[in-house]
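Descriptive structure summary
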Amino acid sequence: MVEQIGVIGAGQMGNGIAHVFALAGFQVKLMDVNEAALDNARTTIGKNLARQSSKGKISEADATAALGRIDTATTMKVFADSDLVIEAASENEGIKRRILTELCPLLKPSCLLASNTSSISITRLGAATDRPEKFIGMHFMNPVPVMKLVELIRGIATAEETYSAVRTLTLTLEKIPVSAEDFPAFIVNRILLPMINEAVYTLYEGVGSVDAIDTAMRLGANHPMGPLELADFIGLDVCLSVMQVLHEGLADTKYRPCPLLVKYVEAGWLGRKTNKGFYDYSGPKPVPTR
């Protein structure tokens, strides 16, 4: 029976995951080594719950109760009683493996483990744990409180009981689980990120401006957001990381990250989170940077 949830990483994904579990009635421990990140996460969750309440999607009492179910901590020792711990740290395999190695000795034997990775091999991450049969990929979409999909990815060692328990849990959150095989970037990012990368190539080669490309895809393909605007929303460092995983994992030149994407990341222009990417967000209205 899964009742106590642990979440590692208080960034955009981690605070969203904590939000949806708390709202569904679970006790949540949200952990990050950075105290400021935890404070920001609590503020963000509070604002997002208030927004849901103001739109009539949840009651004010539900919002208050959900926030009260989230405890924050700067050490992984708080996960001793957890039934499921979800790792939602940076999209970097070395960091994730290190976290999982440190985490496992602190958990009870029955505790399930999941990673919110958007591209990295679940089999490889599971091998860094003491319980690969209890390890699974649980890839939430951003923003977590709004997006319905969760990709569930089995590693080669993941037990059927683990998959079934996490699938049931996903339905409890009123999310839709989709099963994906353990290939680089799984389903959504295998399709989405090469499209974004191609949009960056289209900009790089001068086929169209930032504004022209995004307008064309919004109006011509009926996308709610242009691919370059979406890249800024995801984070250009995350986009590059996923493209590198695809390129290395599938050894196909069609997944080569666009040099312009690499240049933006090297410049520290990572999109919305740094106030500059394909758009500059420092003014009242986003302005294309090219």
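Parameters and conventions
Residues numbered from 1 in each chain as written. Predicted model: local features only at pLDDT ≥ 70, side-chain atom pairs only at ≥ 80, totals over all residues. Heavy atoms only, no water. UniProt positions renumbered as here; feature names shortened; annotations may be inferred. Salt bridge = Lys/Arg side-chain N within 4 Å of Asp/Glu carboxyl O. Helix = DSSP H or I, 4+ residues; strand = E, 2+ residues; numbered from the N terminus. Buried < 20%, exposed > 50% of the residue type's maximum accessible area, 1.4 Å probe, protein only. Axes fitted to C-alpha atoms, helices over the stretch in contact; angles between N-to-C directions. Parallel < 35°, antiparallel > 145°, perpendicular 65-115°, else oblique. Contact = heavy atoms within 4.5 Å. Nonpolar A, V, L, I, M, F, W, Y, C, P; charged D, E, K, R; others polar. Pairing = 2+ DSSP bridges. 1 Å grid on protein atoms, 1.4 Å probe; cavity = no way out; pocket = protein on both sides within 12 Å on 5 of 7 lines; lining within 4 Å. Polar contact = N/O pair within 3.5 Å; in protein donor to acceptor, adjacent residues only side chain to side chain. Right-handed = clockwise from strand over helix to strand, strands pointing away.

If you look the protein chain up in an unreviewed UniProt entry, it shows as 3-hydroxyacyl-CoA dehydrogenase from Pararhodospirillum photometricum DSM 122. What UniProt records for the protein chain under Sequence similarities (unreviewed entry) is the sentence "Belongs to the 3-hydroxyacyl-CoA dehydrogenase family."

**Concerning the pattern of salt bridges**
For the structure shown, the criterion picks out 11 salt bridges. Across the pair Arg218 and Glu229 runs a salt bridge, and its minimum N-O distance is 3.9 Å. Highlighted residues: Arg218 in helix α8 (residues 210-220) and Glu229 in helix α9 (residues 227-234), separated in sequence by 11 residues. On the accessibility criterion, Arg218 (28% relative accessible area) is partly exposed. A salt bridge links Asp237 to Lys273; the shortest N-O distance between them is 2.9 Å.

**Details of the packing of helix α7 (residues 188-204) against helix α11 (residues 259-266)**
Where α7 contacts α11, the two axes come as close as 8 Å, and the packing angle between them is 95°. Judged by the angle between their axes, α7 and α11 are roughly perpendicular. Contacts between α7 and α11 involve Asn197, Val200, Tyr201, Leu203 and Tyr204 from the former and Pro259, Leu260 and Leu261 from the latter. Of the residues belonging to the contact of α7 with α11, the class tally is seven nonpolar, one polar and no charged.

**Section: the sheet that holds strand β3 (residues 70-73)**
Spatial strand order, β3-β2-β1-β4-β5-β6-β7-β8: eight strands in an open sheet with mixed pairing. In this open sheet, the two strands that pair with only one neighbour each are β3 and β8 (176-180). With direction set aside, neighbouring strand axes in the sheet form an average angle of 25°. Seen against the sheet, helix α6 (residues 160-172) touches β4 (84-87), β5 (112-115), β6 (135-140), β7 (149-154) and β8 and runs at an angle of roughly 175° to β7.

**Examining the UniProt feature "binding site: NAD(+)" (unreviewed entry) in the protein chain**
UniProt's entry tags Gly9, Ala10, Gly11, Gln12, Met13, Gly14, Asp32, Glu91, Lys96, Ser118, Asn142 and Lys273 with the feature "binding site: NAD(+)" (unreviewed entry), counted in the numbering of this structure. Those annotated residues lining the largest pocket are, specifically, Gly9, Ala10, Gly11, Gln12, Met13, Gly14, Asp32, Glu91, Lys96, Ser118, Asn142 and Lys273. Mapped onto the elements, Glu91 comes out in the loop between β4 and α4 (93-103). Given the relative accessible area of 16%, Glu91 is considered buried. The residues contacting Glu91, other than those within four sequence positions of it, are Lys96, Thr117, Ser118, Ser119, Ile120 and Ser241. At a separation of 2.7 Å, a polar atom in the side chain of Glu91 contacts the side chain of Ser119. Here Lys96 lies in helix α4. When its relative accessible area of 1% is taken as the criterion, Lys96 is described as buried. Residues within four places of Lys96 in sequence aside, it is in contact with Glu87, Ala89, Ser90, Glu91, Ser115, Thr117, Ile120 and Leu125.

**Some remarks on the UniProt feature "domain: 3-hydroxyacyl-CoA dehydrogenase NAD binding" (unreviewed entry) in the protein chain**
In this structure's numbering, the residues bearing the UniProt feature "domain: 3-hydroxyacyl-CoA dehydrogenase NAD binding" (unreviewed entry) are residues 4-182. A distance of 27 Å separates the end C-alpha atoms of residues 4-182, which is 40% helix and 22% strand.

**Brief notes about the pairing of β5**
Side-chain alternation along β5 places Leu112 and Ala114 on one buried face and Leu113 and Ser115 on a second face that is also buried. Read from β4 through α4 to β5, the crossover connection turns out right-handed. Taken together, the three bridges between β5 and β6 define a ladder with parallel strand orientation. Bridge pairing in β6 links Ala114 to Ile136.

**Thoughts on the environment of Tyr255**
Relative to the elements of secondary structure, Tyr255 occurs in the loop between α10 (236-250) and α11. It is 6.2 Å that separates the C-alpha atoms of Tyr255 and Met243, two residues lying 12 residues apart in sequence. Look past the residues within four positions of Tyr255 in its chain and what remains in contact with it is Arg190, Pro194, Met243, Leu246, His247 and Leu250.

**Thoughts on unusual backbone geometry**
In the segment running from Asn142 into Pro143, the intervening peptide bond is cis, with an omega of 0°. For Pro143, the location among the structural elements is in the loop between β6 and β7.

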